[in-house]
Amino acid sequence: MTLTELKYIVAVAREKHFGRAADACYVSQPTLSVAIKKLEEELDVKLFERSAGEVTVTPLGEEIVRQAQSVLEQAAAIKEIAKRGKDPLAGPVTLGVIYTIGPYLLPELVRHSIAHNPQMLLMLQENFTVKLLEMLRTGEIDCAILAEPFPDTGLAIAPLYDEPFMAAVPSTHPLAARESVTAADLKSETMLLLGAGHCFRDHVLEVCPEFARFSSNAEGIRKSFEGSSLETIKHMVAAGMGVTLVPRLSVPRDALQKGVRRRKSDESHIRYLPVEEADGSAPPTRRVVLAWRRSFTRYEAIAALRNAVYACELPGVTRLS
């Protein structure tokens, strides 16, 4: 068996399709199919069940694919060890980021990374938490910036910062005259939520669990709307459709500066307020972490990435070490 054959079976297991797997490996489908058939004959086992338009991995195939992934990672580690001897940071790092962090952290993070580690090219991938965890497991990305909690997958995790939530309300809303709001204040409002799949949606529902029921008469809730991104949600708030919670880094720099005339845009029609509980308990926050496979051997790259995050301004968050 060869590393190339192992790469092919991992690709088929990931794509669930021979054609897409061949494209991902930059070979023709017949070349990939012949190589996998040869490996199945050598091992005397069936790795995949083939049917019209669908490929599934056999139970024994699942074990072999997992081992193949491990072998490929170890083979890649040999090259990385050789590279580290010359320059520990040389070569690209593939970083995944969830949608509710990427637009607000990446611009400054990329600038700091380029300034301090130009030889470590960042390859970026935005996606949902569940997808990024799968991509970590299969080796499609090297590391990911995620918000806890997420399923324990045996990853190595380094905390980056705790980020508070803020309420976003239309500037004409009665709550806009307040200095802060509580979760109880939001119960009677029309809550705007991200669509299913976004972990930040779950974070909002932890703060305001009443909205999980989408009931038209539950504790004064009229109705809830969904948006595809935080920026879409903000436009809806500016239009007076309701209120929402947003992570602190998504709040524009000038939005919290008193006496500053804001640019005429949708953002100028939004008031951002801290969420403070009447009993003095801690405001709602999310913990943002850097996660990577324990088999990923470029420790210096992980450290450099963490340092680049810490070098970012990160207004209003609590840095963690």
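Residues numbered from 1 in each chain as written. Predicted model: local features only at pLDDT ≥ 70, side-chain atom pairs only at ≥ 80, totals over all residues. Heavy atoms only, no water.

A. Highlighting the pairing of strand 5 (residues 143–147). Counting buried positions over the 5 residues of strand 5 gives 5, a clear majority of the element. Residues of strand 5 alternate between two faces, with Cys143, Ile145 and Ala147 on one and Ala144 and Leu146 on the opposite face, all of them buried. Where strand 3 (residues 93–98) and strand 5 come together, 3 bridges link them in parallel fashion. Considered in strand 5, the bridge of Val97 is made with Ile145. The pairing of strand 5 with strand 11 (residues 285–292) spans 5 bridges and is antiparallel. Counterpart to Ala144 in the pairing with strand 11 is Ala291. (Buried < 20%, exposed > 50% of the residue type's maximum accessible area, 1.4 Å probe, protein only. Helix = DSSP H or I, 4+ residues; strand = E, 2+ residues; numbered from the N terminus. Pairing = 2+ DSSP bridges.)

B. View of the packing of helix 1 (residues 3–15) against helix 3 (residues 29–43). Two elements in contact, helix 1 and helix 3, have axes separated by 9 Å at closest approach and are oriented at 105°. When the axis of helix 1 is compared with that of helix 3, the two are roughly perpendicular. Judged by residue contacts, Glu5, Leu6, Tyr8, Ile9 and Val12 of helix 1 engage Thr31, Leu32, Ala35, Ile36, Lys38 and Leu39 from helix 3. (Axes fitted to C-alpha atoms, helices over the stretch in contact; angles between N-to-C directions. Parallel < 35°, antiparallel > 145°, perpendicular 65-115°, else oblique. Contact = heavy atoms within 4.5 Å.)

C. Summary view of the packing of helix 5 (residues 102–116) against helix 10 (residues 299–311). Their axes nearest at 8 Å, the elements helix 5 and helix 10 cross at an angle of 120°. By the angle between their axes, helix 5 is oblique relative to helix 10. Our pair here, helix 5 against helix 10, has a crossing hand that is right-handed. From helix 5, Glu108, Leu109, His112 and Ser113 reach across to helix 10, where they touch Leu305, Ala308, Val309 and Ala311. Here the residues of the contact of helix 5 with helix 10 are counted per class, giving 5 nonpolar, 2 polar and 1 charged. (Left-handed = near helix turned anticlockwise from the far one by under 90°. Nonpolar A, V, L, I, M, F, W, Y, C, P; charged D, E, K, R; others polar.)

D. Just the confidence of the model for the chain, in detail. For the chain, per-residue confidence averages 85 on the pLDDT scale, and residues scoring 70 or more make up 89% of the total. When the criterion is pLDDT under 50, residues 214–223 qualifies, and its contacts beyond four places in sequence or with other chains add up to 23 contacts. (pLDDT = per-residue confidence, 0-100.)

E. Looking closely at the side chain of Thr138. Assignment of secondary structure puts Thr138 in helix 6 (residues 129–138). The exposure class assigned to Thr138 is buried, which follows from its relative accessible area of 10%.

F. Spotlight on the environment of Ile101. Along the chain, Ile101 falls in the loop between strand 3 and helix 5. For Ile101, a relative accessible area of 2% puts it in the buried group. For the pair Ile101 and Ala147, spaced 46 residues apart in the sequence, the C-alpha separation amounts to 8.6 Å. Apart from residues lying up to four places away in sequence, Ile101 is in contact with Leu106, Ile145, Leu146, Tyr161, Arg286 and Val288.

G. Region of the structure containing the packing of aromatic side chains. Per the counting criterion, the structure on display carries 3 aromatic pairs. Between Phe18 and Phe48, the aromatic rings sit 6.1 Å apart at their centres with planes inclined by 75°, giving edge-to-face as the arrangement. Here Phe18, found in helix 2 (residues 18–24), pairs with Phe48, found in strand 1 (residues 48–51); they are 30 residues apart in sequence, far enough to count as distant. Its relative accessible area of 0% is what places Phe48 among the buried residues. (Phe/Tyr/Trp six-rings, centres within 6.5 Å; stacked < 30°, edge-to-face > 60°.)

H. Up close: the side chain of Ser180. Assignment of secondary structure puts Ser180 in the loop between strand 6 (156–170) and helix 7 (183–186). In this structure Ser180 touches Leu273, Pro274 and Glu276, once residues within four positions along its chain are discounted.

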